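Residue strings, one per chain:
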Amino acid sequence: MTQFTPRVLSGMQPTGNLHLGNYLGAMVNWVKMQDTHETLYCVVDLHAITQPTAVWGGPQVLRKSIREVAAAYMAAGIDPKKSVLFNQSRVHEHAELAWIFNCVARIGWLDRMTQFKEKAGKDKEKASVGLYDYPVLMAADILIYHATHVPVGEDQKQHLELCRDIAIKFNNDFETEFFPVTEPVIMGPATRVMSLRDGTKKMSKSDASDLSRINLTDSADDIAKKIRKAKTDADGLPSEAGGLKGRPEADNLVGIFAALAGETVEAVLQQFGGAQFSGFKNALADLAVAKLSPINSRMNQLLADPGYVESVLADGAERASAIAAPIMRDVKKIVGFTA
Ligand code: AQP
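Presented here is an overview of the structure given in this document. (Residues numbered from 1 in each chain as written. Predicted model: local features only at pLDDT ≥ 70, side-chain atom pairs only at ≥ 80, totals over all residues. Heavy atoms only, no water.)

Quick look at the site of the ligand
By nearness alone, 23 residues border the ligand, and His 19, Asp 155, Ser 204, Lys 205 and Ser 206 come closest of all. For the ligand, a nitrogen atom lies 3.2 Å from a polar atom in the backbone of Gly 21. Side-chain polar atom of Ser 206 to an oxygen atom of the ligand: 2.5 Å apart, as the coordinates give it. Coverage of the ligand by the protein amounts to 97% of the 650 Å² it exposes when considered alone. At the level of elements, β1 (7–12) and α1 (20–33) are the ones that each hand at least two residues to the shell around the ligand. (Near = heavy atom within 4 Å. Polar contact = N/O pair within 3.5 Å; in protein donor to acceptor, adjacent residues only side chain to side chain. Areas by Shrake-Rupley, 256 points an atom, 1.4 Å probe, with all protein chains shown as cover. Helix = DSSP H or I, 4+ residues; strand = E, 2+ residues; numbered from the N terminus.)

Some words on the packing of α1 against helix α4 (residues 58–76)
It is at 10 Å that the axes of α1 and α4 come closest, and there the two elements cross at 65 degrees. As α1 packs across α4, the resulting crossing turns out to be right-handed. Of the residues in α4, those in contact with Tyr 23, Met 27, Trp 30 and Val 31 of α1 are Ala 72, Tyr 73 and Ala 76. Here the residues of the contact of α1 with α4 are counted per class, giving seven nonpolar, no polar and no charged. (Axes fitted to C-alpha atoms, helices over the stretch in contact; angles between N-to-C directions. Left-handed = near helix turned anticlockwise from the far one by under 90°. Contact = heavy atoms within 4.5 Å. Nonpolar A, V, L, I, M, F, W, Y, C, P; charged D, E, K, R; others polar.)

Topic: helix α9 (residues 157–173)
Given 3.6 residues to a turn, an α-helix orients residues that are three or four positions apart in the same direction. Spanning 17 residues, α9 covers 24 Å between terminal C-alpha atoms, matching the ideal 24 Å at 1.5 Å per step. Buried residues of α9: His 159, Leu 160, Leu 162, Cys 163, Ile 166, Ala 167, Phe 170 and Asn 171, and no others. In the stretch just after α9, Glu 175 is the one whose phi turns positive, near 45 degrees. (Expected span 1.5 Å × (residues − 1). Buried < 20%, exposed > 50% of the residue type's maximum accessible area, 1.4 Å probe, protein only.)

Concerning the pattern of salt bridges
Counted according to the given criterion, the structure contains 17 salt bridges. Among the ionic pairs, Lys 82 bridges to Asp 35, the shortest N-O distance being 3.0 Å. Here Asp 35 lies in the loop between α1 and β2 (38–43) and Lys 82 lies in the loop between α4 and β3 (83–87), a separation of 47 residues in the sequence. One salt bridge connects Asp 210 with Arg 213, and the closest N-O pair in it is separated by 3.4 Å. (Salt bridge = Lys/Arg side-chain N within 4 Å of Asp/Glu carboxyl O.)

Some words on the side chain of Gln 34
The residue Gln 34 is located in the loop between α1 and β2 in this model. Assessed through its relative accessible area of 7%, Gln 34 is described here as buried. A polar contact is formed between the side chain of Gln 34 and the side chain of Ser 83, at a distance of 2.9 Å. Those residues in contact with Gln 34, other than ones at most four positions away along the chain, are Thr 39, Tyr 41, Gly 77, Ile 78, Asp 79, Lys 82 and Ser 83.

With respect to the state of the cysteines
For the coordinates displayed, the defined rule picks out zero disulfides. In this structure Cys 42 is a free cysteine whose sulfur lies 13 Å from that of Cys 163, the closest cysteine sulfur available. (Disulfide = S-S within 2.5 Å.)

Some remarks on helix α14 (residues 306–335)
Relative to the 44 Å expected for 30 residues at 1.5 Å per residue, α14 spans 41 Å between its end C-alpha atoms, a close match to the ideal helical length. The principal kink in α14, of about 30 degrees, is found at Ser 321. Taken together, the buried positions of α14 are Val 309, Val 312, Leu 313, Gly 316, Ala 317, Ala 320, Ile 323, Ala 324, Ile 327, Met 328 and Val 331. Among the residues trailing α14, Gly 336 stands out with phi positive, at a value near 105 degrees. (Bend = angle between axes of the 7 residues up to and from the residue.)

Here it is as C-alpha cells:
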C-alpha cells in the first residue's frame, strides 16, 4: 500500500457571512490541525457560483466576499505562514481534475446526494449543472493535493464518502494506488450546529432569518440579542445528557456552550442542570461574546488592509499550485494524455 504524507485540506464558500456553525463545525479543528499536519485551506469560489447569482451577489460582491472569508480564516486563527491559504479558482488544476473525475464518478452516485436535493429545492430542472456536480469538484479539491484528512461539519459526510468512492474507482480503473482514500475529520461537540429559531434545521448562511444564526461579524449586542431570542422549550435544563433527547433546541444550545467553553456536554449539564434557560442564556451570551468578539475585531483590522489579504491569497495560490501541478502531470500520464 502506498503511504501518503498526512495532509489536510478544507474550504468554505464565499456566499455570505461565516457563522457559528462554520466556526465550531470546521474552523476550530482547522486551527488545531495546523500544529500537527501540513494544512491547506481554501476559499471555494468555484463552488460559490454553482448557486444563482443572487446568492453570491455577482462579480463585485464575490471579489469582496473572497477577501472577507480569507480574513475570517485568519481572524479565527489560521496562520498563513503555517497553512497555505488561497482561493480555489486561482489553481486551475482543481477544475482540470474535476473533469477527469466527472468521467470516473457515476450519475447514480450523484443522484443520491442529499445536499443537491436540499439546495436545488422543488425545481431541480432549474438548478445549475455545477450544483449537481459540486461533490465531484469537491473530490478534485481534496485529491489534487493528495489530502489524507478533511476536517468538516457533519453535513459534508456524504460528499466525503463520494470522494473516497472516486479515489477507489480511479485507482481500480487505472490499476494504480495514486490517490489516497481520504478520511473525514468530524469532531467536537458541535459538528452540526442548528438554527437558533428551529433546532431541527442546520444553522446556515442562506436561512432567510438572520436571527437563526450568529455571524462572525455580529456585534456583541447582536450576539446577546440572538441568544436571548433563541427558541427553547418550557422545561429547565436537565442534569444529564439523556435529558436532552427529543429537545433539539436545548440540545443545540448546550452543545454550543460546550464547544465554545471547550468542555463536554456532561460538564455543562453538571454546572447548569436544573437551571432555567434565562440564566443559562445569559452565561452563553457572555461566553459567545468573549470568544467571538476578538475574531470580529481582528477581521475588521484585516479588512481595513485589502492589499495584505490579497497578498496572502496570491502567495497561497503559488504554494498550492506547486503541490497541485506535479500531481496533475502524473494524472495525465496515468490516464494516457501524455507519455
Ligand atoms: N450548521 C453547521 N454546523 C456545523 N458545521 C457546519 N458547516 C456549515 N454549516 C454548519 C461546515 O462549514 C464548512 C463550510 O461550509 P460551506 O460554506 O462550504 O457551505 P455550507 O456547508 O453549505 O454552509 P452553509 O452555511 O450551510 O451555507 P448555505 O446556506 O449556502 O448552504 C463545512 O465544513 C460544513 O460542514
